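Residue-level structural notes
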Amino acid sequence: MKTCKGCGIDLQTNDPNLPGYVPENVYEKAEVCQRCFRLTHYADYTASPLSEEDFMDAATKALDGADTVFQVFDIIDFESSLNPTFEKLLFRKNTVAVVTKYDLLPEIVSEKDVEEWVKKRVPYADAVAVVSGKKGWGIDKLKDMRGRVTAVVGTTNAGKSTLIQRLVQGAKPTVSPSLGTTLGNLTFEDEKGVIVDTPGLKPNGRLLEMLCPVCSASLVPNKRLNSKLFQLKPGQGLALGNLFYLSLKSENPVVVMAYVPESVSISRVNRDRAESFLEEAGAPDAIPCAECKPKIVFEKRDLRVGDEDLVVPGLGWVSFRHTPASFEVICPKGLGLPRRSPLVRRGKHTTTGKRIR
Ligand SMILES: Nc1nc2c(ncn2[C@@H]2O[C@H](COP(=O)(O)OP(=O)(O)O)[C@@H](O)[C@H]2O)c(=O)[nH]1
Ligand SMILES: [Mg+2]
Ligand SMILES: [Zn+2]
Ligand SMILES: [Zn+2]
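This text gives an overview of the structure that appears in the document. These figures come from a predicted structure and were not determined experimentally. (Residues numbered from 1 in each chain as written. Chains lettered and ligands numbered in written order. Predicted model: local features only at pLDDT ≥ 70, side-chain atom pairs only at ≥ 80, totals over all residues. Heavy atoms only, no water.)

Notes on the site of ligand 1
Lining the immediate surroundings of ligand 1 are 19 residues, of which Asp 103, Asn 157, Gly 159, Lys 160 and Thr 162 lie closest. A distance of 3.4 Å separates an oxygen atom of ligand 1 from a polar backbone atom of Ser 176. Pro 177 places a polar main-chain atom, nitrogen or oxygen, 3.3 Å from an oxygen atom of ligand 1. Taken atom by atom, the bulk of ligand 1 overlaps the largest pocket. The leading source of residues in the shell around ligand 1 is helix H7 (residues 160-167), at 3 residues. (Near = heavy atom within 4 Å. Polar contact = N/O pair within 3.5 Å; in protein donor to acceptor, adjacent residues only side chain to side chain. 1 Å grid on protein atoms, 1.4 Å probe; cavity = no way out; pocket = protein on both sides within 12 Å on 5 of 7 lines; lining within 4 Å. Sits in = over half its atoms within 2 Å of the grid points. Helix = DSSP H or I, 4+ residues; strand = E, 2+ residues; numbered from the N terminus.)

Right, dumping it as structure tokens:
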């Protein structure tokens, strides 16, 4: 039995609709399955066939025999990368919190800022490494943190396979913005030791899981997050794409800074127009697309927030000043809206690179 070198699934020639398929005439020569080939060459995004249990089983297996764990955190969706159940299994392992996609943060946030912020959030980690798999930043230092056997774990799409391409020369696990690209554990070896790529873990309450593969892939950013600063008065609000809306209910004006991927618009929309705005068909490449739209059910929530970040997992986050204040939110049902201490610190808010305070 051959295994796909891109995603780790067993290759088969029987059913084109099942994972691991390769046409019979290319089986002998094939290194990767048809799905990996299409993901890589045609950006042909498909949903992952793995269940939540499959993901967890693979991650647990990878921990067996590993002396070191690289737990990968996507810095632009940090909360989705937290997993208290899985965390317990890391006890007794040398655990490095690898914070990746640092290249997407506003330039004003230093590596040190990120490191300190992360240390408080994952006190169980033995070390924190701030890197960019895409740019290759911080990789040499990370190489020195490898153990004899290192398991690379973390949420789907966090950037695990991208890191492995950097860590092991010649390793080419398939990378794509599609959720659940890696389907089985993949082992790589060099003079430093063994490193195991895993499919990852599926988070709850993330927007990416609620959308079609094309919409969810288009929310994965390629460049630094866009940010926009607003002052909101009562009844005024802002929308992120056509998926999230927030309006001020309390009396005193507040300052709001939104951070989003390049594919997501930030719009000023008054409360009386909010429902129609979220319903708007929008441009042909709008998110959600016509296929996703009917599947998304919106709900209203009342929130009281302080000077903190309100995370909209998959869309970015909004950061508040001059609070506490009360807001009404309209968002997809089931979306998690975690709060946290601000990632971009006070006095570092900028638009067009200008400090405002
Ligand atoms: N900007 C940026 N994108 C990244 C980085 N690492 C991964 N990505 C992108 O994130 C998506 C998921 O990456 P992948 O390595 O397949 O994630 P995995 O599911 O954890 O293995 C792909 O679109 C990558 O190009 C990074 O450091 N910076
Ligand atoms: Mg992967
Ligand atoms: Zn494959
Ligand atoms: Zn869609």
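Notes on empty space enclosed by the protein
Over the atoms, a rolling probe the size of a water molecule traces out where space has been left empty. A full pass over the atoms with the stated rule returns 2 cavities of 30 Å³ or more. Approximately 120 Å³ is the volume found for the largest cavity. Forming the walls of the largest cavity are 15 residues, and the residues nearest its centre are Ile 76, Leu 208, Leu 219, Pro 221 and Gly 314. Of the residues contributing to the lining of the largest cavity, the split by class is 8 nonpolar, 3 polar and 4 charged. The residues that make up the lining of the largest cavity include at least three from each of domain 2 (49-203) and domain 3 (226-355). Its volume calculated, the second largest cavity comes out at about 30 Å³. Gln 71, Ser 81, Asn 83, Phe 86, Val 153, Gly 154, Thr 155 and Leu 201 together form the lining of the second largest cavity. (Points joined across faces, edges and corners; volume = space filled by probe spheres on them. Nonpolar A, V, L, I, M, F, W, Y, C, P; charged D, E, K, R; others polar. Domains from an automatic or database assignment.)

A word on the side chain of Asn 157
In this fold, Asn 157 is placed in the loop between strand S4 (149-154) and H7. Using a relative accessible area of 15% as the deciding quantity, one classes Asn 157 as buried. (Buried < 20%, exposed > 50% of the residue type's maximum accessible area, 1.4 Å probe, protein only.)

As for the sheet that holds strand S8 (residues 237-240)
With antiparallel pairing, 5 strands are arranged side by side in an open sheet as S11-S8-S9-S15-S12. Single-partner strands in this sheet number two, and they are strand S11 (266-268) and strand S12 (298-305). Recorded for the sheet is a direction-independent mean angle of 20 degrees between the axes of neighbouring strands. Relative to strand S15 (residues 325-332), S12 runs antiparallel, the two being bridged by 8 bridges. Its bridge partner being in S15, Lys 300 is matched across the sheet by Ile 330. (Pairing = 2+ DSSP bridges. Axes fitted to C-alpha atoms, helices over the stretch in contact; angles between N-to-C directions.)

Comments concerning the sheet that holds S4
Within a beta sheet, neighbouring strands are joined by backbone hydrogen bonds and run either parallel or antiparallel to one another. Taken in spatial order, the 6 strands line up as S3-S2-S1-S4-S6-S5 in an open sheet, and their pairing is mixed. With partners counted over all chains shown, the strands left at the sheet margins are strand S3 (127-130) and strand S5 (186-190), one partner each. Strand-to-strand twist across the sheet, computed as the mean angle between neighbouring axes with direction ignored, equals 25 degrees.

Thoughts on the environment of His 322
Mapped onto the secondary structure, His 322 falls in the loop between strand S14 (316-321) and S15. The spatial distance from the C-alpha of His 322 to the C-alpha of Leu 50 is 44 Å, given a sequence separation of 272 residues.

A few points about the layout of surface pockets
Considered as a void within the structure, the largest pocket measures approximately 510 Å³ in volume. Forming the boundary of the largest pocket are 29 residues, of which Lys 101, Gly 159, Thr 162, Val 175 and Ser 176 lie nearest the centre. Considering each element in turn, the lining of the largest pocket owes the most residues, 5 residues, to H7.

Fair warning: the whole summary comes from geometry, so function is off the table for now.
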